[in-house]
Amino acid sequence: MNRLTDAIKHLIIINVIVFVAPQLLQLDFTNILALHFPMNENFGIWQYVSHMFMHGSFAHILFNMYGLWAFGTPLEQMWGKNKFIFFYFSAGLGAAVIYTLVNYYQFNGIYELFIQAGLTKSEIIAILDAGTTNDQRVVQAVSQEQFNKIIGLYETPAVGASGAVYGVLVAFGMYFKDAKLALIFFPVPIAAKYFIPVMILGDLFFGMTKYSVGNVAHFAHVGGALIGFLIAWYWKKNQFKTHY
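Before going into details, it helps to say that this report is about the structure given with it. (Residues numbered from 1 in each chain as written. Predicted model: local features only at pLDDT ≥ 70, side-chain atom pairs only at ≥ 80, totals over all residues. Heavy atoms only, no water.)

### Some words on the layout of surface pockets
Condition: Using protein atoms alone on a 1 Å grid, points that fit a 1.4 Å probe yet trap it form a cavity, whereas open point sets bounded by protein on both sides within 12 Å along at least five of seven lines form a pocket; residues with an atom within 4 Å of a point count as lining. Grid points are joined across faces, edges and corners, and a volume is the space filled by probe spheres set on the points. Working definition: helices are DSSP H or I runs of at least four residues, strands are E runs of at least two. Numbering for both runs from the N terminus. Residues are grouped as follows: nonpolar covers Ala, Val, Leu, Ile, Met, Phe, Trp, Tyr, Cys and Pro; charged covers Asp, Glu, Lys and Arg; every other residue, Gly included, is treated as polar.
Estimated volume of the second largest pocket: approximately 190 Å³. Taken together, 13 residues line the second largest pocket, and the ones lying closest to its centre are Phe19, Asp28, Thr30, Met54 and His55. For the lining of the second largest pocket, the leading source of residues is helix 1 (residues 6-25), giving four residues. Considered class by class, the residues forming the lining of the second largest pocket number eight nonpolar, four polar and one charged.

### Observations regarding empty space enclosed by the protein
If a probe as big as a water molecule is rolled over the atoms, it shows which places are left empty. The tally for this structure, following the rule as stated, stands at one cavity of 30 Å³ or more. Put simply, the largest cavity is a space of about 50 Å³. Lining the largest cavity we find Leu35, His36, Phe37, Pro38, Tyr99, Thr100, Asn103, Leu153 and Thr156. The dominant element in the lining of the largest cavity, judged by the number of residues it contributes, is helix 5 (residues 81-116), at three residues. Classifying every residue of the lining of the largest cavity gives five nonpolar, four polar and no charged.

### Topic: the packing of helix 4 (residues 58-79) against helix 9 (residues 162-175)
Here is the rule: Orientation is described by lines fitted to C-alpha atoms, with helices fitted over the stretch in contact, and by angles between N-to-C directions that extend from 0 to 180 degrees. By definition in this entry, angles of less than 35 degrees are roughly parallel, angles greater than 145 are roughly antiparallel, angles of 65 to 115 are roughly perpendicular, and the rest are oblique. Crossings are assigned a handedness: left-handed for a near helix turned anticlockwise from the far helix by less than a right angle, right-handed for a clockwise turn. Working rule for contacts: check all heavy atoms of both residues, and any pair within 4.5 Å makes them a contact.
The interhelical angle for the contact between helix 4 and helix 9, taken along N-to-C directions, is 40 degrees, at an axis separation of 9 Å. As summarised for this structure, helix 4 and helix 9 are arranged oblique, according to the angle between their axes. Judged by the sense of rotation from one axis to the other, the crossing of helix 4 with helix 9 is left-handed. Across the interface between the two elements, His60, Asn64, Gly67, Leu68, Phe71, Gly72, Pro74, Leu75, Met78 and Trp79 from helix 4 touch Ser162, Val165, Val168, Leu169, Ala171, Phe172 and Tyr175 from helix 9.

### Quick word on the nonpolar core
Put simply, the test is: Buried residues of nine kinds, namely Ala, Val, Leu, Ile, Met, Phe, Trp, Tyr and Cys, make up a nonpolar core once their side-chain atoms join them within 4.5 Å. Note on exposure labels: buried denotes an accessible area under 20% of the residue type's maximum, exposed denotes more than 50%, and partly exposed covers the range between, all computed with a 1.4 Å probe on protein chains only.
With 35 residues, the main nonpolar core has Leu68, Trp79, Phe84, Phe87 and Tyr88 as its most contacted residues. The residues contacting Trp79, other than those within four sequence positions of it, are Phe84, Phe87, Ala171, Tyr175 and Trp235. Phe37, Leu119, Ile125 and Ile151 belong to the second largest nonpolar core, which has 17 residues in total.

### Remarks on unusual backbone geometry
One non-glycine residue, Gln26, lies in positive phi territory at about 55 degrees. Examined against the element boundaries, Gln26 turns out to sit in the loop between helix 1 and helix 2 (30-33). Overall, Gln26 belongs to the exposed group, its relative accessible area being 74%.

### Describing the pattern of salt bridges
Basically, it comes down to this: Put simply, a salt bridge is a Lys or Arg side-chain nitrogen that is within 4 Å of an Asp or Glu carboxyl oxygen.
Scanning the model with the defined rule gives two salt bridges in all. Here Glu123 ties to Arg137 by a salt bridge, and the two come within 3.4 Å at their closest N and O atoms. A residue pair is termed long-range when its members are at least 10 positions apart, and Glu123 in helix 6 (residues 121-130) and Arg137 in helix 7 (residues 136-141) qualify at 14 residues. Judged by its relative accessible area of 31%, Glu123 falls in the partly exposed class. When the shortest N-O distance is used, the salt bridge between Asp135 and Arg137 registers 2.8 Å. Shared partners join several salt bridges into a network, and the residues in it are Glu123, Asp135 and Arg137.

Worth remembering: the numbers are spatial, not functional.
Written out as structure tokens, the structure is:
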């Protein structure tokens, strides 16, 4: 059984504290710490980091912390504490930025319909804040599906360490590609080099279609995997080079 390495131990402790403390104190820090859409009044630049320590449910934090421990431990043992921490936060920040960019692209496409219908920016923000409208300009220019979509993008904050954990997962697959992994719903061991790409392709598919189950930030997963891959690929490629 993998021992608990220093960086992972402290990351897990902080995540658990941030998850448990608000419940014990009966406080809600979602508006402060969760990652909001940049045009939302609750948005803060610090949320690109703070959202990584928040989780929406016990199952959410359990699976993320298990993944961090199971796949991150061999990486921290190999890289050392400081290098692992740099990698973890880089993947998490990259995931959040890519997630925001994808959301902004989707948001802007519908936002332009509001503009073309003759609404001003302040009118649009007021409608988004209210979450509903009877303005006939909007009713005629935007479908109900599009309206629900832009409201969801504007109002729904993102929480969780999943983006960073996906980066860790990809790096694990690159360095330990023949390690056997088993799924709960498919308990036959599968090599990491096959298992991990399938997971990422699944997130990409669900993120680009309407088949996603639940409120999952699929593009944050894909973003974390992409940044994790780039960093791990660069480090692996250059690990044996000697500089004079």
